[in-house]
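Next come the chains, spelled out residue by residue.
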Amino acid sequence: MAKLVFGMNQSLDGYVDHQAFAPGPALFGHWIEHVRGLTGSVYGRRLYEVMRYWDEDHPEWDAAERDFAAAWRSQPKWVVSRSLKSVGPNATLVADEIEAVIRGLKARLAGEIAVGGPDLARSLTDLGLIDEYRLYLRPVVLGRGKPFFAGPRPPLRLVASDLIGEDAIRLTYVPA
């Protein structure tokens, strides 16, 4: 049975924004290895559209960016959206029966499936489908934006804390 994990970089004041702040080299390396090890990812529409950046090579990329792109492209993705009509390579559009599809993925697959996007994470939390939450705290204050928890914080129990790289702390929680 697969484990559904919601984890994102987060500012100290609780916001997530892939474009407002980037990880340092050590944390980026951590994300490359993390993505390589995934069984797949489930994305909400907004974050999927941001991540589509990795679908095409860019001449200015360094080796780490090329490694991340290769890892991201190789994994299966399921995109939860009622507004999109199509999705890119190695992705499946999930427009209806979201709970049944996600429960089916968890039952059929092994390993870890990442959840991408706070709004999707809230919906999956409300359905009791998320097995683990990973908050990667970064020394950045944004003052506004999309919060990590798109709704009330679910009851959680801390199970681990790790220093990653030069400036990130990963806090791992499971539902209480």
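Scroll up to find the structure this text is about.
Residues take numbers from 1 onward in each chain, read along the sequence in its written order. Only residues with pLDDT of at least 70 get local features here, since the model is predicted, and only at 80 or more are side-chain atom pairs given and counted; chain-wide, interface and lining totals rely on the full set of residues. With hydrogens and water set aside, each side-chain value is computed from the structure's full complement of heavy atoms.

**Student:** Quick question: what am I supposed to make of the packing of helix α1 (residues 25-36) against helix α3 (residues 63-74) here?
**Tutor:** Two packed helices can be described by the angle between their axes and the distance between those axes. Only the contacting stretch of a helix is used when fitting its axis, a line to C-alpha atoms as for every element, and angles between N-to-C directions run 0 to 180 degrees. Labels follow the DSSP assignment, with helices taken as runs of H or I lasting at least four residues and strands as runs of E lasting at least two, numbered in each case from the N terminus. The N-to-C vectors of α1 and α3 enclose an angle of 25 degrees; their axes lie 8 Å apart at closest approach. As the angle between them shows, α1 and α3 are arranged roughly parallel. Two packed elements cross with a definite hand, and for α1 against α3 that hand is left-handed. Counting all contacts with α1, which are made through Phe28, Trp31, Ile32, Val35 and Arg36, the residues of α3 involved are Ala64, Glu65, Asp67, Phe68, Ala71 and Trp72. Of the residues in the contact of α1 with α3, the class split is eight nonpolar, no polar and three charged. Throughout this description, any angle smaller than 35 degrees is read as roughly parallel, any larger than 145 degrees as roughly antiparallel, any in the 65 to 115 degree range as roughly perpendicular, and the remainder as oblique. Note: crossing handedness is left-handed where the near helix turns anticlockwise from the far helix by less than a right angle, and right-handed where it turns clockwise. It only takes one pair of heavy atoms within 4.5 Å for two residues to be counted as in contact. When residues are grouped by polarity, Ala, Val, Leu, Ile, Met, Phe, Trp, Tyr, Cys and Pro land in nonpolar, Asp, Glu, Lys and Arg in charged, and all others, Gly among them, in polar.

**Student:** I tried to follow the packing of aromatic side chains on my own but got confused; where do I start?
**Tutor:** For any pair of aromatic rings, the description consists of the separation of the ring centres together with the inter-plane angle of the planes. In this scheme Phe, Tyr and Trp rings, the latter by its six-membered ring, pair at centre separations within 6.5 Å, and the angle between planes marks the pair as stacked below 30 degrees, edge-to-face above 60, and tilted otherwise. Enumeration over the complete set of coordinates arrives at 13 aromatic pairs. Their ring planes at 80 degrees and their centres at 5.0 Å tell us that Tyr53 and Trp54 sit as a pair that is edge-to-face. Accessibility here uses a 1.4 Å probe with only protein chains present; expressed as a share of the type maximum, an area under 20% marks a residue as buried, one over 50% as exposed, and anything in between as partly exposed. The class for Tyr53 is partly exposed, based on a relative accessible area of 36%. Trp54 sits in the buried class, given a relative accessible area of 11%. Between Phe148 and Phe149, the ring centres sit 4.9 Å apart and the planes meet at 75 degrees, which makes this aromatic pair edge-to-face. What makes Phe149 partly exposed here is its relative accessible area of 21%. Through a chain of ring-to-ring contacts, three or more aromatic side chains come together here, namely Phe28, Tyr53, Trp54, Trp61 and Phe68.

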